[in-house]
Amino acid sequence: MTTSPDHPSPTPLPPTTDAAESGAIDATLDAGTYDRIREPRGAGRLALEQGVWHQISRKYLTVQLISNGFILAIIVAALLVALLVFNLPWLLIPGIILIVLTLAGMAILPRQVRSIGYQLREDDLVFRRGILWQRMVAVPYGRMQLVDITHGPMDRGFGIAQLKFVTAAAATGVVIPGLTQQAAEALRDHLMSVAESRRTGL
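Fair warning: this is a prediction, and the values are worked out from it, not measured in the lab.

### Quick notes on the overall build of the chain
Along the chain, the regular secondary structure elements total five helices and eight strands. Its helices and strands in sequence order give the chain the pattern β-α-β-α-α-β-β-β-β-α-β-β-α, from N to C terminus. Residue burial in the chain is summarised as follows: out of 202 residues, 37% are buried. Partitioning the contacts of the chain with sequence separation of at least 6, the portion at a separation of at least 24 is 63%. Of the roughly 10800 Å² of accessible surface on the chain, a fraction of 63% belongs to carbon and sulfur atoms.

Rendered as structure tokens:
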């Protein structure tokens, strides 16, 4: 759990749960996550909003590094086949470019992963990610139509999942990757409960 350095006072969960339930949800969401969101250093960055920011599982970085490692291995293998079997030395240039880009992406992955976070405010969920290309979007609870949990084979192996919010406007759709399975289920149930109460005006 992370608080904004400029605004250290936390913002509680929406007032649809009592204190004990809110504390239990917080504990579930923050289990095995990073302790601090990484922000860009530039003055023009999108500053963190006031309140408590939850982060994703540390295992998400491992999954991403393994996935990128597979891609790198395929590129190297294809390049070796092109050189040794088909005698196509001109493929060295695009092959090396792809290898360098893949390695560069793997090098900045830790900062990218630690820049991902979300905040549960009274009327909406705020999601932010990115170091070079930043994104911050607020999704009102009352506009959530579907909260979907998905995970691939490697995600299941590491016990993580991603949560997708579907709203009436496709542009406001949000996918939170790298949540633990327990956090994804707890967040899904909480958001659907809050969204239903907002739609019914309770």
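### Observations concerning the nonpolar core
Membership of the largest hydrophobic core comes to 33 residues, with the highest contact counts inside it found for Leu 125, Ile 176 and Leu 191. Of the residues forming this core, the biggest block, six residues, is contributed by helix α5 (residues 181-200). Not counting the four nearest positions on each side in its chain, Leu 125 is found in contact with Tyr 118, Gln 119, Leu 120, Val 137, Ala 138, Val 139, Tyr 141, Met 144, Phe 165, Ile 176 and Leu 191.

### Examining a nonpolar patch on the surface
Taken together, the side chains of Val 76, Leu 80, Val 81, Leu 84, Val 85 and Phe 86 make up a nonpolar region of the molecular surface, amounting to roughly 590 Å² of accessible area. Tracing the backbone shows Val 76 in helix α2 (residues 59-84).

### Points about the sheet that holds strand β6 (residues 144-150)
In spatial order, the strands read β6-β7-β8; together these three strands make up an open sheet with antiparallel pairing. The sheet terminates laterally at β6 and β8 (174-180), the two strands that pair on one side only. In this sheet, neighbouring strand axes are inclined to one another by 20 degrees on average, regardless of whether the strands run parallel or antiparallel. Bridge analysis of strand β7 (residues 160-167) against β8 gives five bridges, and the strand direction is antiparallel. If you follow Lys 164 over to β8, its bridge partner there is Val 175.

### Thoughts on unusual backbone geometry
Glycine aside, the phi torsion of most residues is negative, and most peptide linkages are trans. Of note, the phi angle at Asn 87 is positive, near 55 degrees, even though the residue is not glycine. Within the element layout of this structure, Asn 87 appears in the loop between α2 and α3 (92-114). Taking relative accessible area as the criterion, Asn 87 reaches 60% and is therefore assigned exposed.

### Observations regarding α5
Helix length check: α5 (20 residues) gives 29 Å between terminal C-alpha atoms against 28 Å at 1.5 Å per residue, within 8%. Within α5 the residues assigned to the buried category are Ala 183, Ala 184, Leu 187, His 190, Leu 191, Val 194, Ala 195 and Ser 197.

### Quick notes on α3
Helix length check: α3 (23 residues) gives 34 Å between terminal C-alpha atoms against 33 Å at 1.5 Å per residue, within 8%. Ile 108 marks where α3 bends most, by close to 45 degrees; the proline Pro 110 follows one to four residues later. Looking at α3, one finds that the buried residues are Gly 95, Ile 99, Thr 102, Met 106, Leu 109 and Val 113. In this structure, the buried side of α3 is in contact with α2.

### Looking at the confidence of the model for the chain
Residues at a pLDDT of 70 or more form 86% of the chain, whose mean pLDDT is 85. Long-range and interchain partners of residues 5-13, a stretch whose pLDDT sits below 50, account for 20 contacts in this model, where long-range means more than four residues apart.

### Notes on the pairing of strand β5 (residues 135-140)
Bridge count between strand β4 (residues 124-129) and β5: six bridges; the pairing is antiparallel. Across the sheet, Asp 124 pairs through a bridge with Pro 140, a residue of β5. Turn length for the β4-β5 hairpin, with the two strands adjacent in sequence and antiparallel, is five residues, and the turn residue Gly 130 shows positive phi of about 105 degrees.

### With respect to the environment of Leu 72
Its place among the elements puts Leu 72 in helix α2. A residue is classified by how much of its surface remains accessible, and Leu 72, at 19% relative accessible area, is buried. Between the C-alpha atom of Leu 72 and that of Leu 101, which follows or precedes it by 29 residues, the distance is 9.8 Å.

### Looking at the environment of Pro 94
Relative to the helices and strands, Pro 94 is located in helix α3. Residue classification places Pro 94 among the partly exposed positions, given a relative accessible area of 35%. With 15 residues separating them in the primary sequence, Pro 94 and Leu 79 have C-alpha atoms 9.4 Å apart.

Calculation rules
- Residues numbered from 1 in each chain as written.
- Predicted model: local features only at pLDDT ≥ 70, side-chain atom pairs only at ≥ 80, totals over all residues.
- Heavy atoms only, no water.
- Helix = DSSP H or I, 4+ residues; strand = E, 2+ residues; numbered from the N terminus.
- Buried < 20%, exposed > 50% of the residue type's maximum accessible area, 1.4 Å probe, protein only.
- Contact = heavy atoms within 4.5 Å.
- Areas by Shrake-Rupley, 256 points an atom, 1.4 Å probe, with all protein chains shown as cover.
- Core = buried A, V, L, I, M, F, W, Y, C linked by side-chain atoms within 4.5 Å.
- Patch = residues over 30% accessible without salt bridge, like charges linked within 9 Å, V, L, I, M, F, W, Y side chains within 5 Å.
- Salt bridge = Lys/Arg side-chain N within 4 Å of Asp/Glu carboxyl O.
- Pairing = 2+ DSSP bridges.
- Axes fitted to C-alpha atoms, helices over the stretch in contact; angles between N-to-C directions.
- Expected span 1.5 Å × (residues − 1).
- Bend = angle between axes of the 7 residues up to and from the residue.
- pLDDT = per-residue confidence, 0-100.

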